[in-house]
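Here is what each chain is made of, one letter per residue.
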Amino acid sequence: MTFWVELIISVLRILFPAVITEATPRQEDARPQPELRRGLQNRIRRTWGNPAVRLLPLLLCAGLLCGCARTIYIPHGEPVRLRETVKDVKVWVMGADGQAVAGVMDLPEGWYALPAEEN
C-alpha cells in the first residue's frame, strides 16, 4: 500500500510544476496584436454597418410586443372549445365498476374542455 502512495506522490510532484508552468501567462501571449485587432474591428464594421442588421433588434422587439397583444386570459373554471384535434391525450375514463381507468384518446375539434370541480 505504501508503495502505491509513494508512486502517486512522486508522479504528482512531477506533474504539478508542469501544469503550473503551462497555466501561467507568458510575455509573448500578452503582447499587443494590432493586425488581429484591426481585422476584428473591420469585421464588426462590415456586419453592423449594414442598415438591415442594425434594424434587426428593433424588429425582434416589435415582433415580441405584437405577439403579446393577442394573449387572452381565461378565468379558472370557464370551458373552452377545441379549435383542432388533439392526438394521444392521456385521459381518465369511468370503467364498468365506476372506477377511474387510465386511457389514451384523440380529442376531436369542437369538443369542450373544462377543469374538474374539486370538492
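Residues numbered from 1 in each chain as written. Predicted model: local features only at pLDDT ≥ 70, side-chain atom pairs only at ≥ 80, totals over all residues. Heavy atoms only, no water.

Structural notes on the overall build of the chain
The helix and strand tally for the chain stands at three helices and four strands. Overall, the chain shows an N-to-C arrangement of helices and strands of α-α-α-β-β-β-β. Across the 119 residues of the chain, 4% fall into the buried class. Pairs at least 24 apart in sequence give 39% of the contacts found in the chain among residues at least 6 apart. Counting only carbon and sulfur atoms, one obtains 63% of the accessible surface of the chain, whose full area is about 11600 Å². (Helix = DSSP H or I, 4+ residues; strand = E, 2+ residues; numbered from the N terminus. Buried < 20%, exposed > 50% of the residue type's maximum accessible area, 1.4 Å probe, protein only. Contact = heavy atoms within 4.5 Å. Areas by Shrake-Rupley, 256 points an atom, 1.4 Å probe, with all protein chains shown as cover.)

Re unusual backbone geometry
Non-glycine residue Asp88 carries a positive phi angle of around 55°. Structurally, Asp88 is set in strand S2 (residues 86-94).

Quick notes on a nonpolar patch on the surface
Residues Phe3, Trp4, Leu7, Val11 and Leu15 make up a contiguous nonpolar surface patch of about 520 Å² in total accessible area. Checked against the element boundaries, Leu7 lands in helix H1 (residues 2-23). (Patch = residues over 30% accessible without salt bridge, like charges linked within 9 Å, V, L, I, M, F, W, Y side chains within 5 Å. Salt bridge = Lys/Arg side-chain N within 4 Å of Asp/Glu carboxyl O.)

With respect to the packing of aromatic side chains
Tallying each qualifying case throughout the model produces one aromatic pair. When the centroid spacing of 5.3 Å and the interplanar angle of 70° are considered together, the rings of Phe3 and Trp4 count as edge-to-face. Trp4 carries the same exposure label as Phe3, and that label is exposed. (Phe/Tyr/Trp six-rings, centres within 6.5 Å; stacked < 30°, edge-to-face > 60°.)

A closer look at the environment of Pro115
Its place among the elements puts Pro115 in the segment after strand S4 (112-113). C-alpha of Pro115 to C-alpha of Pro79: the two residues are 36 residues apart in sequence and 7.6 Å apart in space. Filtering out sequence-adjacent residues up to four positions away, Pro115 remains in contact with His76, Gly77 and Glu78.

Here's the deal with the pairing of strand S3 (residues 100-107)
Sheet faces and side chains relate simply in a regular strand, where the side chains alternate between the two faces. Pairing analysis gives seven bridges linking S2 to S3, with the strands arranged antiparallel. By the bridge assignment, Val91 is partnered in S3 with Gly103. In textbook terms, the turn of a hairpin is the stretch between consecutive antiparallel strands, and for S2 and S3 this stretch comprises five residues, one of which, Gly98, has a positive phi near 85°. (Pairing = 2+ DSSP bridges.)

Comments concerning the confidence of the model for the chain
On average, residues of the chain carry a pLDDT of 77, and 71% of them reach 70 or more. Element-level pLDDT for the chain is lowest in helix H3 (residues 51-68), with a mean of 69, against a maximum mean of 92 in S3. (pLDDT = per-residue confidence, 0-100.)

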